[in-house]
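Here is how the chains run, residue by residue.
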Amino acid sequence: MTPLIAITGNYSSGTCTMLEGYFASIVAAGGSPVIVPPYADEALMDALLDRVDAIVFSGGGDIEPRLLGQEPLPEVGEPNRPRDAQELPLMRKAVARQLPVLGICRGVQVMAAALGGTLHQDIYVQAHATLTHSQDAPRHVATHAVTVAPDSLLASLLLTPQQRQQGDSTLAVNSFHHQAVATPPDGFRVTAVAPDGIIEAIESTQHLPLLGVQFHPECFILGDDTRMMPLFQWLVQQGELYARTRHVHQHHVVLDSHCDTPMFFHQGVDFLRRDPRILVSLPAMRDGMQDCTAMVAYLPQPRHALSDGRWGGTEAADGDGFALANTLLDGIDDIVRRSHGQVLLANTADDVRRAKAAGVRCILPAIENGYALGTDLTRLDHFARRGIVYLTLCHNGNNALAASARPRDVEPLYSHAGLSALGEQAVRRMNDLGIMVDLSHAAPQTFYDALRVSRTPILCSHSSCRALCDHPRNLDDAQLAALAASGGLVQICLYGGFLRPESDGPATVHDAVRHILHAIAVCGIDHVGIGTDFDGDGGIQGCCGSHQLPNLTRHLLAAGLDESQLAALWGGNFLRLLTRVQDYAERK
């Protein structure tokens, strides 16, 4: 498939133009260029981004400083307002959707301005530039050098192997500008600088395909000079990968098996609108082409003072957990009601598939922590009628049902190391009601006890691999193998502390890929999925919310997984397990 690469057109005096170097470079790199004239209709922008696989923001006139909260300097030329009206929102929309972006000259300035960075209106007045940054030499001739960060994407593309081997990080470039990036946006870093300190390139630090350069690489091909072609080859390759990513998300259910968004309901967040306080929302799911989330009513294990001054947790007498679970489930119901058909409540695999076919999002309700039951197992029947699809037996701290992987320092009320007798009864009743038994957060003995007791396969809705990160919340290889042998499913969690030791630095999407591939190697592809733990401390560099799920898919494709494996990973396996558990209950 030839990727479709959009290029923003220049505009002046009622005419949209495009210099040959832009489309010639894209064609030579194997892409199909589409020139985009300026328009301010955001619905048309969305329609464009639905179809293209990558985008070049091209060079051109000045950006209106007032749009960035600045009064214009005398040196600022006539702003290109029609382009500003399109390109600033278009950049934000493209980045939100994870499209590959290459910004050139004005384009890198649009990247910075649209995403929260700042610009120099005039580099000679504000940055005291000393080089000639608007050359008289032909456009395909390099007139000054820049220093490239040796560990950058730009260096990997444009520095020769000999340069990298010798530690030479200089790159000869052309120059046609008087504005420049002053500070890059959050999530970007400077990767090339001119000798006078002017920023010449920025790129994403979040493992996203976002790169901007101040020079004009498209000009070189017109002088039969191919030194800059790796930039365009990179963009076309990323566009091809994005096209495959979009195909997976459009044609298969994309399901996250664990998010904690209801924890924020008391803050007045609105799931139906963009809200910086939450990582999962309807707009974010649309941007990330996510179909379904399993949204949990999370209950922290309470601490109660005991008569001897120690701490314990007890749920035998009070109904706080039951009441809180119902309040949070009511909040999920309210989302569905207020969405007027944009979000559906799903309780079965068929519900999820129908929502996918209808082009709407859906929520699977669940409960995290058996504290919701107290010691009254009739509450399971109540929650089954409310449509929950799974219940996590415990959280941090033991409860009346099960021992936790992270017990409190003092647990005087619960002597069991695994499932209690009540916990065994709860597992059997969940089997009878068609509720999946979730063992994330469970102690190893709880895990093996539940595998022994349960008559249906077990779910671990948000866990990772202990072989790669030695954390008590993770599953070791013996547990992974036992889970797979019983027909169960591990959903890899995107909480950074479960993916790599905190002392090794922040976790990234590459760590998530490593855990997913390890789980597949141990369990087989049919027993692995993804449970992000978004809004419950989940979220890593390169996959920090629902909107960035395509970036995880992109990295998994790059790692060698194919469409059928991704279909299983992203939802097929979870829906198969849900159906099997519910079918058992129907037969009962």
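Reading the values: the criteria
Residues numbered from 1 in each chain as written. Predicted model: local features only at pLDDT ≥ 70, side-chain atom pairs only at ≥ 80, totals over all residues. Heavy atoms only, no water. Buried < 20%, exposed > 50% of the residue type's maximum accessible area, 1.4 Å probe, protein only. Helix = DSSP H or I, 4+ residues; strand = E, 2+ residues; numbered from the N terminus. Pairing = 2+ DSSP bridges. Right-handed = clockwise from strand over helix to strand, strands pointing away. Polar contact = N/O pair within 3.5 Å; in protein donor to acceptor, adjacent residues only side chain to side chain. Contact = heavy atoms within 4.5 Å. Core = buried A, V, L, I, M, F, W, Y, C linked by side-chain atoms within 4.5 Å. Salt bridge = Lys/Arg side-chain N within 4 Å of Asp/Glu carboxyl O.

## Points about the pairing of strand E5 (residues 54-57)
Then, number 1: Side chains Ala54 and Val56 of E5 all project onto a buried face; the interleaved residues Ile55 and Phe57 project onto the opposite face, where all are buried too.
Then, number 2: The pairing of strand E1 (residues 4-8) with E5 spans 3 bridges and is parallel. In the sheet register, Ala6 faces E5, and the bridge partner there is Ile55.
Then, number 3: As defined by bridge partners, E5 adjoins strand E6 (residues 101-104) across 3 bridges and the pair is classed as parallel. Residue pairing across strands places Phe57 opposite Gly103, the latter belonging to E6.
Then, number 4: Each parallel crossover has a hand, and for E5 linked through helix H3 (residues 81-96) to E6 it is right-handed.

## Re the side chain of Gln86
Then, number 1: Inspection of the secondary structure puts Gln86 in helix H3.
Then, number 2: In this structure the side chain of Gln86 is engaged in a polar contact, spanning 2.9 Å, whose partner is the backbone oxygen of Pro37.
Then, number 3: With near-sequence residues (within four places) excluded, Gln86 lies in contact with Thr8, Val36, Pro37, Pro38, Tyr39 and Met45.

## Re the environment of Phe447
Then, number 1: Topologically, Phe447 is positioned in helix H14 (residues 444-453).
Then, number 2: For Phe447 and Leu489, which are 42 residues apart along the polypeptide, the C-alpha to C-alpha distance reads 13 Å.
Then, number 3: When neighbours within four sequence positions are excluded, Phe447 is seen to be in contact with Leu439, Ala442, Cys460, Leu475, Gln479, Ala482 and Leu483.

## Looking at the nonpolar core
Then, number 1: Among the nonpolar cores identified, the biggest contains 84 residues, and Phe271, Ile367, Leu391, Leu393, Leu439, Val490 and Leu552 are the most heavily contacted of them.
Then, number 2: Top contributing element to this core by residue count: helix H17 (residues 509-523), with 7 residues.
Then, number 3: For Val490, the contacting residues outside a window of four places in its chain are Cys460, Ser463, Leu475, Leu480, Leu483, Ala519, Cys523, His527, Val528 and Gly529.

## A few points about the pattern of salt bridges
Then, number 1: In total, this model carries 33 salt bridges according to the counting rule given.
Then, number 2: Here Glu64 ties to Arg81 by a salt bridge, and the two come within 3.0 Å at their closest N and O atoms. Placement of Glu64 in the loop between E5 and H3 and of Arg81 in helix H3 is noted, with a sequence separation of 17 residues between them.
Then, number 3: Judged by relative accessible area, which is 6%, Glu64 ranks as buried.
Then, number 4: Given a relative accessible area of 41%, Arg81 falls into the partly exposed group.
Then, number 5: Here Arg500 ties to Asp511 by a salt bridge, and the two come within 3.2 Å at their closest N and O atoms. Residue Arg500 is located in the loop between helix H16 (496-499) and H17, and its partner Asp511 is located in helix H17; the two are separated by 11 residues in the primary sequence.

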